[in-house]
Amino acid sequence: MRTFEVKRSTKQSRSAIETVLRELRRSPLLALIFFVPVVILLERIAPKAHTLLFFVAIAAIVPLAALLSRATESVAAKTGDAVGGLLNATLGNLTELIITLAALHAGQYLLVKASIAGAIVTNSLFMFGGAFLIGGLKHHLQEFNRVNARFQASLLFLATIAILVPSLTSGLDRTPAAEFSQQLSLGLAILLIAVYGLGMVFSLKTHKELFASVGQAEAGEEPWPLSIGIVVLIVVTLLVAMVSEIFVGSVQAAAQHLGLTPAFVGFIVIALVGGAAEMTTAFSAARANRLDLSVGIALGSAAQIALFVAPVLVLVSYFIGPQPMSLEFWPGAVAMMLVATMAATLLSNGGHAAWYAGVMALAVYAIFALTLFLLPPGVTQ
């Protein structure tokens, strides 16, 4: 009996090792997982080494993003691409939310707003265009549900208009301008959250048949069991939260040491690091010809940030911020969000995707990134 139990234990251990090796072959980025305990330990030993912590935290987030991607794919295989895209967008935005909450508490409102605008532009251009490019390099022409894409783009356009209004009215010749902007932002925040909630009811309940997947997915890796996928999602989400706290504590000092402006750090660095999990899933899904999932993640995440995350930050600022935060952005950020929304709308209008459409979207994103990188400090203040 004991011999049988030993053989069974050995077989299970061998199976577990084979599973780990298979996952490493499938996603080599998982080899960076050792950076997770390293960054936690380093933060205890050398809390003042901000630049080192900055880079090690980024390296630790990458494998966590890969694990989050794999677990979300397994859950999406059971729930469908619409719910899976929503789930991945929600969990992927957790990193941005933690970063912006920490910056909000410190009164770094420029960094908060740059992170919001950067996440919207990054998801609408970099993630969306990257999915088109990666999927198009393997598949000649891909199809996706344009109803879902139009719906997400319309939500994003609505939120961008809501952000544009406080910025346009900021130049009015009124004495209580700050008070007016705060009151307007508070009302808009409540309105946007209500619209987002009703949009979820529309797409997931009353008219969910309109959002069914169009593309034919290729046969890929066997998804994890649902229970394992959920457990991994919970554990990895907690680890992402821990590493993100370290990242937040080091990003300001590291940016100054590297000569980066707060606008560039928020708009580009935080948006790319915070969206690593979503990007991993969106790109792998596009390569597997599951472009509906990629579109749902990219545009759904952008819409969620604009309609839910940004309004929630406005409401939370009344409790944890030095003063209430408004939805008033600097003109350049508003222009970039409008352009990104228009580009996403045009790209999603036909329901077909090819690699060159992704190149054009990435080129627009590169123009924005180069501009912010070369922008002199203080211009966006």
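Residues numbered from 1 in each chain as written. Predicted model: local features only at pLDDT ≥ 70, side-chain atom pairs only at ≥ 80, totals over all residues. Heavy atoms only, no water.

## Description of the packing of helix α8 (residues 226-258) against helix α9 (residues 262-274)
Move 1: Two numbers describe how α8 lies on α9: the axes approach to 12 Å, and their chain directions differ by 140°. The way α8 lies across α9 gives a crossing that is right-handed. Contacts between α8 and α9 involve Phe247, Val251 and Ala255 from the first element and Val265, Val269, Ile270 and Val273 from the second.
Move 2: In terms of residue class, the contact of α8 with α9 is made up of 7 nonpolar, no polar and no charged. (Axes fitted to C-alpha atoms, helices over the stretch in contact; angles between N-to-C directions. Helix = DSSP H or I, 4+ residues; strand = E, 2+ residues; numbered from the N terminus. Left-handed = near helix turned anticlockwise from the far one by under 90°. Contact = heavy atoms within 4.5 Å. Nonpolar A, V, L, I, M, F, W, Y, C, P; charged D, E, K, R; others polar.)

## Notes on helix α10 (residues 276-287)
Move 1: An ideal rise of 1.5 Å per residue puts 16 Å on 12 residues; α10 measures up with 17 Å between its terminal C-alpha atoms.
Move 2: With 9 of 12 residues buried, α10 lies mostly within the body of the structure.
Move 3: Of all the positions in α10, only Ala276, Ala277, Glu278, Met279, Thr281, Ala282, Phe283, Ala285 and Ala286 are classed as buried.
Move 4: With its phi angle positive at about 65°, Asn289 sits one or two positions after the end of α10. (Expected span 1.5 Å × (residues − 1). Buried < 20%, exposed > 50% of the residue type's maximum accessible area, 1.4 Å probe, protein only.)

## Some words on the confidence of the model for the protein chain
Move 1: In this model, the protein chain carries an average pLDDT of 79, and 79% of its residues clear a pLDDT of 70 or more.
Move 2: The secondary-structure element of the protein chain with the lowest mean pLDDT is helix α1 (residues 2-26), recorded at 53, while helix α13 (residues 355-374) shows the highest, at 91. (pLDDT = per-residue confidence, 0-100.)

## With respect to the packing of α10 against helix α11 (residues 291-320)
How two helices sit against one another is set out by the angle between their axes and by the gap between those axes.
Move 1: At their nearest, the axes of α10 and α11 sit 7 Å apart, and the two run at 150° to each other. On the basis of the axis angle, α10 is roughly antiparallel to α11. Classified by chirality, the crossing of α11 by α10 is left-handed. Residue-level contacts link Glu278, Thr281, Ala282, Ala285 and Ala286 of α10 to Leu291, Leu293, Ser294, Ile297 and Ser301 of α11.
Move 2: Among the residues forming the contact of α10 with α11, the class breakdown is 6 nonpolar, 3 polar and 1 charged. (Parallel < 35°, antiparallel > 145°, perpendicular 65-115°, else oblique.)

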